[in-house]
Each structure stands twice: as structure tokens, then as C-alpha cells.
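Summary of the model geometry
Okay, here's what each chain looks like letter by letter:
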Amino acid sequence: MSDIDNVRAVTCPSCGARVQMAGDKYQTTCKYCGRLLERPRPAPPVVTPTIIQTPMYTAPETIEVHTGRWGLFSIVLTLILLGAAGIGIYAALQSSGITDLSQITSAFNPLRASAPALIISGGDSGQLDALIYTYDTSKDARFLSYVDGSSHAVRWQTDPLGKDTYRVPMAASGKLVYAMDKTRVMALNRQTGQVAWEASVSDELPYSCYNDCLRVVGQRVVVLAKDGGLYGLDAQSGRVVWNTHLKSTPDQLYLVNDQIAVFDQPDKAVVLSIIDPADGSERQTLKPICSGSSSSFTDDPSLNSPVLVDPDQKSLYILFGFFNSCVQRWDAATGRMTWNASIEDASFASGFGPRSMLSGGTIYVANENQLVTISMADGKWRKLIDDPNYEFTPLAAQDGVLITRAKRTRGTTRFEMWGVDTTTGKQVWQHPFTGSEPLDEPDRKAGLIEEGESAWTAHLTPKGLVVVQAMAQPHQLSVETLNPANGVSSGQTPVPLTGIVGDFYSVPDVVGWTNDTSWLVVEGRLYALNLANSTLVYSWP
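The notes below deal with the structure included here. Since the model is a prediction, treat every value here as computed from it, not as a measurement. (Residues numbered from 1 in each chain as written. Predicted model: local features only at pLDDT ≥ 70, side-chain atom pairs only at ≥ 80, totals over all residues. Heavy atoms only, no water.)

1. Comments concerning the state of the cysteines
Spelled out, the test is: Note that a disulfide, as used here, is simply two cysteine sulfur atoms within 2.5 Å. Counting from the N terminus, the helices are the DSSP runs of H or I reaching at least four residues and the strands are the DSSP runs of E reaching at least two. Three labels apply to residues, based on accessible area from a 1.4 Å probe with only protein chains included: buried if under 20% of the type maximum, exposed if over 50%, partly exposed otherwise in between.
This model, assessed by the stated rule, comprises two disulfides. One disulfide in the model links Cys209 with Cys213; its S-S distance is 1.9 Å. In this structure, the disulfide formed by Cys209 and Cys213 twists by about 100 degrees around the S-S bond and is classed as right-handed. Here Cys290 engages in a disulfide with Cys326; their sulfurs sit 1.9 Å apart. Disulfide Cys290 to Cys326: torsion about the S-S bond roughly 75 degrees, handedness right-handed. Here the residue Cys290 occupies a position in strand β21 (residues 290-292), and Cys326 occupies one in strand β25 (residues 325-331), the gap between them amounting to 36 residues. Relative accessible area serves as the criterion here: at 0%, Cys290 is assigned to the buried category. Since its relative accessible area comes to 0%, Cys326 is described here as buried. By sequence order of its bonded cysteines, the protein chain has the disulfide arrangement 1-2, 3-4.

2. What to know about the pairing of strand β12 (residues 195-200)
Where we set the bar: What makes two strands pair is DSSP finding at least two bridges between them.
Sheet topology note: the strand β11 (residues 184-189)/β12 ladder contains five bridges and is antiparallel. Its bridge partner lying in β12, Arg184 is registered against Ser200. Connecting the antiparallel pair β11 and β12 is a turn made up of five residues, with Gly193 showing a positive phi of about 80 degrees.

3. Structural notes on the side chain of Thr165
In plain terms, the rule: Each polar contact in these results corresponds to two N or O atoms within 3.5 Å; when the atoms are within protein, one needs to be able to donate a hydrogen and the other to accept it, and residues that are neighboring in sequence are counted only if both atoms are side-chain atoms. Contacts are residue-level and defined by heavy atoms, with any inter-residue pair within 4.5 Å sufficient.
Here Thr165 is to be found in the loop between β8 (154-157) and β9 (170-173). Here the side chain of Thr165 touches Asp181 through a polar contact of 2.5 Å, side chain to side chain. Setting aside chain neighbours within four positions, we find Thr165 in contact with Tyr133, Arg142, Asp181 and Lys182.

4. Focus on the sheet that holds strand β13 (residues 214-217)
Heads up, the rule is: Axis definition: a line fitted to C-alpha atoms, limited for helices to the stretch in contact. Angles are taken between N-to-C directions and run from 0 to 180 degrees.
Here we have four strands laid out as an open sheet, ordered β13-β14-β15-β16, and antiparallel in their pairing. This sheet does not close on itself; its edge strands, each paired only once, are β13 and β16 (240-245). The sheet shows a mean angle of 15 degrees between the axes of neighbouring strands, direction not considered. Two elements, strand β14 (residues 220-224) and strand β15 (residues 229-234), share five bridges in a ladder whose sense is antiparallel. Within the sheet, the bridge partner assigned to Val222 lies in β15 and is Gly232.

5. Observations concerning empty space enclosed by the protein
Quick reminder of the rule: Computed over the protein atoms alone on a 1 Å grid, cavities are sets of points where a 1.4 Å probe fits but cannot get out and pockets are open sets with protein on both sides within 12 Å along at least five of seven lines; a residue lines them when it has an atom within 4 Å of a point. Grid points are joined across faces, edges and corners, and a volume is the space filled by probe spheres set on the points. Residues are grouped as follows: nonpolar covers Ala, Val, Leu, Ile, Met, Phe, Trp, Tyr, Cys and Pro; charged covers Asp, Glu, Lys and Arg; every other residue, Gly included, is treated as polar.
Going through the model one piece at a time under the given rule, you end up with three cavities of 30 Å³ or more. Surrounding the second largest cavity, Arg355, Glu391, Phe392, Thr393, Arg405, Ala406, Lys407, Phe415, Pro442 and Asp443 form its lining. Counting residues per element, the ones that place at least two in the lining of the second largest cavity are β31 (390-398) and β32 (401-408). Along the lines of polarity and charge, the residues of the lining of the second largest cavity split into four nonpolar, one polar and five charged.

6. Describing a nonpolar patch on the surface
Under the convention used in this document: Patches were defined on residues exceeding 30% relative accessible area and lacking a salt bridge, with like-charge contacts within 9 Å and nonpolar side-chain contacts (Val, Leu, Ile, Met, Phe, Trp, Tyr) within 5 Å. The protein chains shown are the only cover counted for residues, whose accessible areas, like all others here, come from Shrake-Rupley with a 1.4 Å probe. Any Lys or Arg side-chain nitrogen found within 4 Å of a carboxyl oxygen on Asp or Glu counts as a salt bridge.
On the surface, Phe297, Phe322 and Phe323 cluster together to form a nonpolar patch covering roughly 330 Å² of accessible area. Positionally, Phe323 belongs in the loop between β24 (315-320) and β25.

7. Focus: the nonpolar core
Threshold: Buried residues of nine kinds, namely Ala, Val, Leu, Ile, Met, Phe, Trp, Tyr and Cys, make up a nonpolar core once their side-chain atoms join them within 4.5 Å.
With 28 residues, the main nonpolar core has Trp197, Val221, Val223 and Leu230 as its most contacted residues. For this core, the elements supplying multiple residues, two or more each, are β10 (176-181), β11, β12, β13, β14, β15 and β18 (259-264). The greatest single-element share of this core, amounting to four residues, is contributed by β14. Listed in part, the 23 residues of the second largest apolar core include Ile120, Leu161, Val177 and Leu188.

In C-alpha cells form, the structure reads like this:
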């Protein structure tokens, strides 16, 4: 058997997953949390020297050996070496931002937080609670921890989850939180953690649709399973009110006008079904077809075509096509198409597909080197950016300026942030990230953040466009606010990441943004970063 056939399994220290690694490989990335994993390389073969026996010399009895002085010297030397080692460890901890005993204890805490986490309104206190997937490295156990937003203490923890449960979909509504352990759906009391009910479905959730395929809609918990099973459970009792098996296996659930929208393929064509979550009845069946002047072929959507929902929840927009590329607006109540925009010289079926967003009555769609705008009212479109040297991902729009991520594809890859005039398409400002990669898809940085490296994320807030960068040596977050109108920076404010030991750490996970707070998981800890004053509100564990 070759080394390649001799597959090994290693345990991820961040999420506890068992990850397979070929026998001739010593590094890989955890497919569940993105951490770089390494296993020890084999030691070189030990060469046993040939020993030649010679007659042993016996000292005369008159020779005396005095050991007392040398014994004392050995003890003193050992104490000096131990002291030097202690000083070295202390210096290493200080360089990592650890200065007191509590931080040292935290650095070696066996509990590890992992994304995704659910950030929930704390009710009357106005604070935000967190439901976190947790891995106990000392017990090889996985469970959910509910962290109180006011005291920052664990309010409750669930019983251990399944050994192979590495990601847990979560949702919340009223006094209950909902989670899934493989095929087991459970409702937990927010105050006590007591199990209110449990139910089973036919399969676990699609990997790419964890939180979006567990939805609370009115009095129903709707679950889309990996095998195409679609369930409506009573939110208070867990009773299966209705269930059906789709003809195909989509990996997304959408909400529109308090209805469920899901792709299916009952025959050759893919359709979008609008389903009433109360009883599972199909209210509408949308049959999008895209045709254009660039090809004699027609296209229908794929099972993972992007769908955007209008802010008024009455309409949805479907982006699809390979030979032809279309954006279509459909009325969710009547099931009728309102308009069709056929986009020339574009394909919505490549790579990550179109990267899109809604803002101010306009749809922004980027596909490779182009970015187009489409009127939500009538479907009129125009090309805003066409640059063969860049790929674009629209992020936000404000006061006539589109903020877009730009990836330079010609020459050395570099990521930038652009401000673009939404009328003329001209670049208003540019903010480069030299040697830094995104924390968000597409092109999310993987592996580790080492000295000289960083990774960033950005979010538009009332204060401005806030950019958060994770850096190593020293381990810290850098907070910077850009003026969306002109890109002028307020300067970078460092925020030390205390409790991280070593020269590097795993790439952080962005949990989400709430008002003036950024939530990240860094090296097994959940951090809440206040963007208003650039301080860590708390970290757990």
C-alpha cells in the first residue's frame, strides 16, 4: 500500500472535526472551520552505532571521588535554567498581550467557540445574547453554550451533541431557540436551556445552507433537508404539521411575503415554488425562462440561482442563465413576471455566479469584469463598470456612491475598495489592501495569519464605512473608518487580541454585524468589537 493510500485522520483543535489527510501529506485545511491543520512529520531513521567492547578499566581503591560540591552545583544550575525558562515563557506570553494570571488561564482554556454563532436580542436588558457552538478539547465533547449579554457568563449549556456534529444550524423566536444536531431538531428555552421539544427529519441540512435552511416563519419551523425533504413543524410543540419530498435537492430556502420560496425540478425545467408555511400548500409555481439575441438557446434557472427579495417583501428577482443572462422580477402573490432584463455579454453561471445586492431602488450585479445596474421599477439596465483588470463584488451604496470590492486579476493579485459614482461609473476613490485578503467570500483567506499578513472585512454603518483588519505580531484588530463619499480615512486604531499564544493564529470567522458591533470568532473565542469606540466589549470563553 502506498503512502497516498494510507489515509490518516487528524482532529481539528478549533471545532473538533475529524479531517482525513493522505499519508504523504502533512498539512491540510479543516473543511468545517478553515483552520490550517498539521500532523507531525516522521522522525528520520535512527542509525544504531556498532559498539566495540573493550576491557573496562577498574580504578584503584585508593582513589577518592568527592560528589558533594558537584551535586550542589547541579542543583543551582537546574534552578537557574528553570528560572530562565520561566522568564522566556513570561516574555512570550507578554508578546502575545497576556499580562496577568486570568489571561494565562484563558489562553489555555479547553473550551473553544466556533462559527457559526447566533446573536440574539437579550430582551429588556437591551444587551445581545449569543448562542455558540462550543468544543471542549479536554473531553472531546461538543455542545451549545448560551452566553448572557449583560453578565457575559454562560447561562446554560446543552447536553453533548453527536460526535460527528461539527456545525449546528440555529434560529430564534420569542422565548425559544431552535437548533439541529444532524437530523434531530430541538427547541430550547432561552432562559433555562430546558428542552421544550425534539423532532426528527429525514436527513441533515445541506452544508451550504445551514442557517438559511432552518427557518422560523410565523407558527412554523421550516426545515429543508439534504435529501429534498421539506418539513413544517409546529413552533411550540414540534409536531410535524406537514412534510413533502421535492423532486430534486436544492440547497436554499428564501422568505418572501411570509411565504417559503424554494427551487425544484419536477421535470426537465427548474421552477420556483411559493409555499404556504402554515399548511405546506403550493401557492404559486414560477417558471422562469431566459432567451436573448446572443443565442438561439433558452435557459432556465439552476437549483442554486441567486434570488433577491424586494424590501417590501412582495416581489423577488431571479438571476440566471448561461447562454443568455437574465434578471427577472416576479410578483410573489400572483406568480406573474413583471419584467425581464436580458444582460448582454454576461454569463450568470460561472464561478461564484453573479454577485449582487439591492439598494435604493437599484439592483447591482457584478459578473467577473463587469458591473451593471438594473432599475427595480422597470428593469432598464446599463453597464456601470467594465474593466478587464478587475473582478468586482458590490458591498453597499450611499448618496450616489457605490462601494465595491475590487480584485486585481492582472499581474499580482491585490484587493482594493472602490467608491464609484452611480451615475457616471467613474471611480471616485480607491483604497488598496496591500498584502491583505478578505475575510468574506468570494476569495476568503484560508489557513493562518502570520507576521506581515492580515485579513479584512468591511461594513457600512451610520458612522461610515468601517474596515476591520486582523493582524499578527502583534496580534491585534485594526479598526479604520472611511468616508463613503471620498474614501478619506479616520486613521487606524489598534485593538489588542489578548490571550492568543504563539506567532500566528487561524483566520477569523465573521459572525455578523449588529448596529455598532462587529462579531468575530478568533482562535476559538467569540469577540464583540464596539465600532463606535474601537474597544472589545467582551470575549468568550
